[in-house]
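# Survey of secondary and tertiary structure
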Amino acid sequence: MSVKAAATHIDWTKLSTSLGLKTETVAALGAFRKRNEEARRVLSDLKEQKTAVDFAHYRKVLKNQAIVDEVEKAHKAFKPTTYDVSAQIKSIEAVEAKALERAKFTATKVESELSDLQATLKNIETSRPVEELTVDDVLKSRPEIAEKVDAQLAKSKWDTKGYNDKFGYVTLF
């Protein structure tokens, strides 16, 4: 598929939403789309314009035939200037390469985050409900909690700071 054909088949809304792009990237993409559509419209308008000059018409309308002859001679002698745009093309290709590199990096990052999220989701779905957990299960999965409790008991601290503020003061007789 050619580049022109590919550009016309882009689903811009899906591109903006499905890739999880940052807001500034989506804004830049929208600005690029707008500039691209405007350039295509201008190109289409220019292609439709008449480019041939009807000197016979001007000879009939104007009295001064010498001016028409002079303009026609200048028109026939006109050779458009060619510009070397290879430097601009190289810089565009360099920017394109960097953008492609960043896009690949972003894609790999998104894929790794997605796989991590899928693993986390699977872990959540397969884990036991909180009601079925025991203290031993919690201490097994988080050994630092046992270390903190042992350290507090060694210092004769029987209260947990902020517990009564958060859960209320409960005493059993």
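Just so it is clear, the structure is predicted and the values come from calculations on it, not from any experiment.

Pairs may arise between side chains of opposite charge once their charged atoms sit close together. In this structure the tally under the stated criterion is eight salt bridges. With a shortest N-O distance of 2.4 Å, Arg128 and Asp137 are connected by a salt bridge. The class of Arg128 is partly exposed, set by a relative accessible area of 43%. Given a relative accessible area of 24%, Asp137 falls into the partly exposed group. A network of salt bridges, in which partner residues are shared, links Arg59, Asp69, Glu72 and Lys76.

This chain's UniProt record puts "coiled-coil region" (unreviewed entry) on residues 100–127. Annotated as residues 100–127, this span is 96% helix and 0% strand, and its ends, taken at the C-alpha atoms, are 40 Å apart.

This brings us to a nonpolar patch on the surface. A surface patch of nonpolar side chains, about 650 Å² in accessible area, is lined by Val130, Leu133, Val138, Ile145, Val149, Leu153 and Trp158. Per element, the largest residue contribution to the nonpolar patch is three residues, and it comes from helix H8 (residues 143–154). Mapped onto the elements of the fold, Val138 is located in helix H7 (residues 135–141).

This next bit is on the layout of surface pockets. Looking at the largest pocket, its volume works out to about 1,300 Å³. Lining the largest pocket are 27 residues; nearest its centre among them are Leu21, Thr25, Ala99, Arg102 and Ala103. Breaking the lining of the largest pocket down by element, the ones donating at least two residues are helix H2 (12–18), helix H3 (23–48) and helix H6 (86–126). Ranked by residues supplied to the lining of the largest pocket, first place goes to H6 with 13 residues. Among the domains, domain 1 (1–48) and domain 3 (91–128) are the pair contributing at least three residues each to the lining of the largest pocket.

Cut-offs used in this document
- Residues numbered from 1 in each chain as written.
- Predicted model: local features only at pLDDT ≥ 70, side-chain atom pairs only at ≥ 80, totals over all residues.
- Heavy atoms only, no water.
- Salt bridge = Lys/Arg side-chain N within 4 Å of Asp/Glu carboxyl O.
- Buried < 20%, exposed > 50% of the residue type's maximum accessible area, 1.4 Å probe, protein only.
- UniProt positions renumbered as here; feature names shortened; annotations may be inferred.
- Helix = DSSP H or I, 4+ residues; strand = E, 2+ residues; numbered from the N terminus.
- Patch = residues over 30% accessible without salt bridge, like charges linked within 9 Å, V, L, I, M, F, W, Y side chains within 5 Å.
- Areas by Shrake-Rupley, 256 points an atom, 1.4 Å probe, with all protein chains shown as cover.
- 1 Å grid on protein atoms, 1.4 Å probe; cavity = no way out; pocket = protein on both sides within 12 Å on 5 of 7 lines; lining within 4 Å.
- Points joined across faces, edges and corners; volume = space filled by probe spheres on them.
- Domains from an automatic or database assignment.

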